[in-house]
Amino acid sequence: MNAVAEQRPSHVSASPPAVAGKTGPGRRYCLITPCRDEARYARRTIESVLKQTVLPARWIIVDDGSKDETPQILAGYAAEHPWITVIRRADRGDRKLGGGVIDAFYTGYETIRPGDFDYVCKFDLDLDIPPGYFEGLMRRMEAEPRIGTASGKPYMELSGRLVPEVCGDENSVGMIKFYRTSCFTQIGGFVRELMWDGIDCHRCRMLGWIAVSWDEPDLRFIHLRPMGTSHKNWWTGRVRHGVGQWFMGTGPAYLLASATFRLTKPPVLLGSAAMVWGYLKSALTGKPRYPDAEFRRFLRRYQWACLFRGKSKATKDLDISQSAAWQPPTPST
């Protein structure tokens, strides 16, 4: 671990790692990792998973046509750990963001029997997580059965210090989405479009589940490739975010409020401008939106409530009012 990562208190743990497949009752989880050209980060990510106090029952890594040393790195770890499986997809020529990432995820997901696992996690290969991360999530979710998806908070390394990424408490973050398998099944999984990682959490709330992320020491992790930078640059990544907000069904007032809130966040001014441009360009060119009209109405009502009452109170009130919609999972689900 480098000097910057050692600043994070949540990496300190006195508990030794558990053995894969020896998890306690109700704690079998499967990681599914879509990746491409992650040789720079893969070892650090994998080593952080190997240090978990509760190890995954299975880890499916889908190599989406890497051209660097990623395949060799993955093969080495898979040879040492039988619970790691690597699937190789043909090279498509470049990263395909949004739907392409989810296509790769489903290449892995379709090889498992979801009912064999209590939890499933879409897990990127550019993360450094603390040793008790997954155990901490499961402990919190066991205490509140309505939590369907959860995560900790991402931090990025900038100029020798750790800086939090901007992400609301009402969502689990896209690079490490941890789901109850029953909830993931009920919401219909991920859509294969930009903003898949926002649509899923709103669908959770529609069905009475709770989506949440916590900024607590034992759940803080380092995102080695900062969110929104894209695989090209900050501008491309933030424009893409605006395009995704348009597709999801976000209203213009909420989009402008969100951009205003992010004005002082890295990259200062530029990120907000790029987000607004992506949204406006999509609107002006008539790009399609998420086709579920009921979902879009639900989303707009929630966004207006956030603007008038604040996001924290609006989310809390919605979680209470939607409790009647929640259908507790049965053993068959």
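Residues numbered from 1 in each chain as written. Predicted model: local features only at pLDDT ≥ 70, side-chain atom pairs only at ≥ 80, totals over all residues. Heavy atoms only, no water.

J.: Looking at this structure, how should I read the overall build of the protein chain?
T.: Helix and strand counts for the protein chain come out as 11 helices and 11 strands. When burial is assessed residue by residue, the protein chain has 53% of its 333 residues classed as buried. Roughly 14,800 Å² of accessible area belongs to the protein chain as shown, and the carbon and sulfur atoms make up 56% of that amount. (Helix = DSSP H or I, 4+ residues; strand = E, 2+ residues; numbered from the N terminus. Buried < 20%, exposed > 50% of the residue type's maximum accessible area, 1.4 Å probe, protein only. Areas by Shrake-Rupley, 256 points an atom, 1.4 Å probe, with all protein chains shown as cover.)

J.: What should I look at first to understand the pairing of strand E10 (residues 210-213) in this one?
T.: For a regular strand, side-chain orientation follows a simple rule: the groups alternate between the two sheet faces. Covered by surrounding structure in E10 are Ile-210 and Val-212 together with Ala-211 and Ser-213, the residues of both alternating faces. When strand E6 (residues 147-151) meets E10, the two strands line up parallel, connected through four bridges. In the strand pairing of E10, Ser-151 is matched with Ser-213. (Pairing = 2+ DSSP bridges.)

J.: Would you explain the side chain of Ser-151 in this entry?
T.: Here Ser-151 lies in strand E6. Those residues within four positions of Ser-151 in sequence are excluded, and the remaining contacts are Tyr-133, Leu-137, Asn-171, Ser-172, Val-173, Ile-176, Val-212, Ser-213 and Trp-214. (Contact = heavy atoms within 4.5 Å.)

J.: How should I be thinking about the pairing of strand E1 (residues 29-35) in this particular structure?
T.: Burial analysis of E1 places seven of its seven residues in the buried class, the great majority of the element. In E1, alternate side chains face the same way, and those of Tyr-29, Leu-31, Thr-33 and Cys-35 on one face and Cys-30, Ile-32 and Pro-34 on the other are all buried. Note that E1 and strand E4 (residues 119-123) share four bridges and pair parallel. By the bridge assignment, Cys-30 is partnered in E4 with Val-120.

J.: Looking at this structure, how should I read the sheet that holds strand E2 (residues 58-64)?
T.: Strands in a sheet are paired, the pairing made by backbone hydrogen bonds, and the direction either parallel or antiparallel. Sheet architecture is open: seven strands sit in the order E3-E2-E1-E4-E9-E6-E10, paired in mixed fashion. Both outer strands of the open sheet, strand E3 (84-89) and E10, are each paired with one neighbouring strand and no more. Each neighbouring strand pair of the sheet contributes to a mean axis angle of 15°, computed without reference to strand direction. Across two bridges, the pairing between E6 and strand E9 (residues 176-180) is antiparallel. Residue pairing across strands places Thr-149 opposite Tyr-179, the latter belonging to E9. (Axes fitted to C-alpha atoms, helices over the stretch in contact; angles between N-to-C directions.)

J.: Honestly, the environment of Val-212 in this entry has me stumped. Any pointers?
T.: Its location among the elements puts Val-212 in strand E10. Residues Val-212 and Thr-315 lie 103 residues apart in sequence; the distance between their C-alpha atoms is 9.9 Å. Excluding its chain neighbours within four sequence positions, the residues that come into contact with Val-212 are Ile-147, Thr-149, Ala-150, Ser-151, Asp-169, Glu-170, Asn-171 and Ser-172.

J.: Would you take a moment to explain the environment of Phe-190 for this structure?
T.: Of note, Phe-190 is situated in the loop between helix H5 (181-187) and helix H6 (196-206). Judged by relative accessible area, which is 6%, Phe-190 ranks as buried. Note: C-alpha distance between Phe-190 and Gly-99 (91 residues apart in sequence) is 9.3 Å. Filtering out sequence-adjacent residues up to four positions away, Phe-190 remains in contact with Ile-102, Phe-105, Tyr-106, Lys-122, Lys-177, Tyr-179, Phe-184, Trp-196 and Asp-200.

J.: Looking at this structure, I do not really get the pattern of salt bridges. What am I missing?
T.: In a structure, side chains of opposite charge can pair up when their charged atoms sit close to one another. Evaluated as defined, the whole model comprises 23 salt bridges. Note that Lys-311 is salt-bridged to Glu-170, the shortest N-O span being 3.2 Å. Of this pair, Lys-311 sits in helix H11 (residues 311-321) while Glu-170 sits in the loop between strand E8 (161-164) and E9, placing them 141 residues apart in sequence. What emerges from the salt-bridge pattern is a single network uniting Arg-139, Arg-140, Glu-216 and Asp-218. (Salt bridge = Lys/Arg side-chain N within 4 Å of Asp/Glu carboxyl O.)

J.: When you look at the environment of Val-239 in this model, what are you seeing that I'm missing?
T.: One can find Val-239 in helix H7 (residues 234-248). Along the backbone, Val-239 and Gly-271 are 32 residues apart, and their C-alpha atoms lie at a distance of 8.1 Å. Apart from the residues lying within four places of it in its own chain, the contact partners of Val-239 are Ala-274, Met-275, Trp-277 and Gly-278.

J.: Help me understand the packing of aromatic side chains, please; the structure alone is not making it clear to me.
T.: Remark: the centre distance and the inter-plane angle together describe each pair of aromatic rings, the angle taken between the planes. All told, the structure shown has 23 aromatic pairs when counted by the stated rule. Aromatic rings pair up to connect Tyr-29, Trp-59, Tyr-119, Phe-123, Tyr-133, Phe-134, Phe-178 and Phe-221 into one cluster. We note Arg-140 situated over the ring of Trp-214; from NZ or CZ to the ring centre the distance is 5.7 Å. Over the ring of Trp-246 we find Arg-289; its NZ or CZ atom is 3.6 Å from the centre of that ring. (Phe/Tyr/Trp six-rings, centres within 6.5 Å; stacked < 30°, edge-to-face > 60°. Lys NZ or Arg CZ within 6 Å of the ring centre and 35° of its normal.)

J.: Would you mind going over the sheet that holds strand E7 (residues 154-158) with me for this structure?
T.: Pairing in this open sheet of four strands is mixed, and the strands run E5-E11-E7-E8 from one edge to the other. Every other strand in the sheet has two partners, leaving strand E5 (127-128) and E8 as the edge strands with one partner each. With four bridges connecting them, E7 and E8 associate as antiparallel partners. By the bridge assignment, Leu-158 is partnered in E8 with Arg-161.

J.: Mind showing me how you'd approach the packing of helix H8 (residues 252-261) against helix H9 (residues 270-284) here?
T.: Each pair of packed helices can be summarised by the angle the axes make with each other and by the distance between the axes. Their axes nearest at 9 Å, the elements H8 and H9 cross at an angle of 165°. Here H8 is positioned roughly antiparallel relative to H9, judged by the angle of their axes. In terms of crossing hand, the pair formed by H8 and H9 is right-handed. Contacts between H8 and H9 involve Pro-252, Leu-255, Leu-256, Ser-258 and Ala-259 from the former and Ser-272, Met-275, Val-276 and Tyr-279 from the latter. (Parallel < 35°, antiparallel > 145°, perpendicular 65-115°, else oblique. Left-handed = near helix turned anticlockwise from the far one by under 90°.)

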